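Descriptive structure summary
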Amino acid sequence: MGVPSSKNFYDEFAKTFPKMEGKRVAITGTTSGTGFAAADTIAGLGGELILFNRASSRAGAALNKLKEKHPEATITQIDCDLTSFASVRGAAKTYLSKFGGKGLDVLANNAGIMAFDSLVTEDGFDIQMQTNHLSHYLLTHLLFPELVIAERERGEARIVNHSSLARILLPYKLNKAYLQKTNGKDLGGNWTFPRYKRYQQTKLANSVFSTALHRQMKSKNLNIKILTAHPGVANTDLVKNTSAYDLLSSAGMGMMDRIVTTKQSQYDGALPLLQCITAKEVESGEFWGPRGDRPWGIPSKFPIEAASTNPDAVQMLIQESDAATGVVLSKL
């Protein structure tokens, strides 16, 4: 999977996770990093897995590795390119053709890219915003009826959005320009700061989306728990495969590399996500990350900052995301 998997916190904390037999869990982005670690853990706990990944040799290799390690597990991979709304719709259609009517217990919106150049998708949006937020917004809507089935038949369901510490980088107010079609604008260009600013906006959008979903579920009296996680800083391909990483490592005289490679493995970084997916005690609306909202450590819940719960930001995100994807959150 490209990075070491030594575990500073995982082995002990993972003992607290309950068995997942009878649970169907869908996760986006499982070829490496926290997504792969989460899928590996869920398979080991007895859960059924549906993996949404862009078709690639890496996706195939990751699937084979999971099946070899967990031959008893039920694991299905569905091709899904989050840079294309058509691909997302096709993936949802494939899911429903295979599993429609059986219920989906957990949807983990995990996949993400970081610090990419100012690239535009076929749908006209910034590649980071479409991959990290807009396509997950669309996928959540398309699979939502299956979450309702699980809630009615098995008592609850969950949607987990994977955010990041980057969401609180200043200035961190959500800006609608990042959620709209670029129309030829480059949203800051390709030097380091604007690449990370675009990433920051996507991760803030993830947590604002959770607020919007939580309020919608409360209004409908549905026991579909809406949870948000962030991994802290972990040794994953998401971090190490960005061009900005080399610059930051050089500027920091190796400090960045030492932090990333020694403090948390991909399995450590997956713990808050796994807590939200599995733990019986979690409640809708909670945000989980390394203790004290730090870059590393065992998971704990903490108050969500005002930028993620601001009513104007929530309404703006709904309005722009509805317009971008063609779905309507209020109809969930």
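Structure shown above.
Let us look at the structure shown here. The written sequence of each chain sets the order in which its residues are numbered from 1. Per-residue local features of the predicted model are confined to residues with pLDDT of at least 70, and side-chain atom pairs are confined, for both listing and counting, to 80 or more; whole-chain, interface and lining totals are unaffected and use all residues. Heavy atoms from the whole structure form the basis of all side-chain values; hydrogens and water molecules are not counted.

**Some thoughts on the overall build of the protein chain**
Let me state the cut-off plainly: Put simply, DSSP H or I for four residues or longer makes a helix, DSSP E for two residues or longer makes a strand, and each gets a number counted from the N terminus. Per-residue accessibility, obtained with a 1.4 Å probe over protein chains only, is compared with the maximum for each type, and a residue is labelled buried under 20%, exposed over 50%, and partly exposed between these values. Working rule for contacts: check all heavy atoms of both residues, and any pair within 4.5 Å makes them a contact. Surface accessibility in these figures is a Shrake-Rupley result with a 1.4 Å probe; residues are shielded only by whichever protein chains are displayed.
Helix and strand counts for the protein chain stand at 13 helices and eight strands. Relative to its full complement of 332 residues, the protein chain shows a buried share of 59%. By sequence separation, contacts in the protein chain at least 24 residues apart represent 79% of the contacts at least 6 residues apart. Here the protein chain has roughly 13400 Å² of accessible surface; of this, 53% comes from carbon and sulfur atoms.

**Observations regarding the sheet that holds strand β8 (residues 299–301)**
The strands making up a sheet are joined through hydrogen bonds of the backbone, oriented either antiparallel or parallel. Put simply, the rule reads: Whether two strands pair comes down to DSSP finding at least two bridges between them. Axis geometry follows a simple rule: fit a line to the C-alpha atoms, using only the stretch in contact for helices, then measure angles between N-to-C directions, giving values from 0 to 180 degrees.
Read from one edge to the other, the open sheet built from eight strands follows the order β3-β2-β1-β4-β5-β6-β7-β8, with strand pairing classed as mixed. Each edge of the sheet is formed by a strand with only one pairing partner; in this case those strands are β3 (75–79) and β8. Strand-to-strand twist in this sheet, taken as the mean axis angle between neighbours without regard to direction, amounts to 20°. Bridge analysis of strand β4 (residues 106–109) against strand β5 (residues 157–162) gives four bridges, and the strand direction is parallel. Looking across to β5, one finds that L107 is bridged to I159.

**Details of the packing of aromatic side chains**
Note on aromatic pairs: each is described by the distance of the centres and the angle between the planes. Formally: A pair of Phe, Tyr and Trp rings is counted when the ring centres sit within 6.5 Å of each other, with Trp represented by its six-membered ring. The angle between the planes then sorts it: under 30 degrees is stacked, over 60 is edge-to-face, the rest tilted.
Applying the stated criterion to the full structure yields eight aromatic pairs. Here the aromatic rings of Y10 and Y267 are separated by 5.2 Å at their centres, their planes lie at 80°, and the arrangement is edge-to-face. Of the two residues, Y10 is situated in helix α1 (residues 10–13) and Y267 in helix α10 (residues 266–269); the sequence distance between them amounts to 257 residues. Comparing Y10 with Y267 shows no difference in burial state: the two are buried. Relative to F17, the ring of F13 lies with its centre 5.8 Å away and its plane at 75°, an arrangement referred to as edge-to-face. Across this residue pair, the class does not change: F13 and F17 are buried. Joined through ring pairs, the aromatic side chains of F52, Y95 and F99 make up one cluster.

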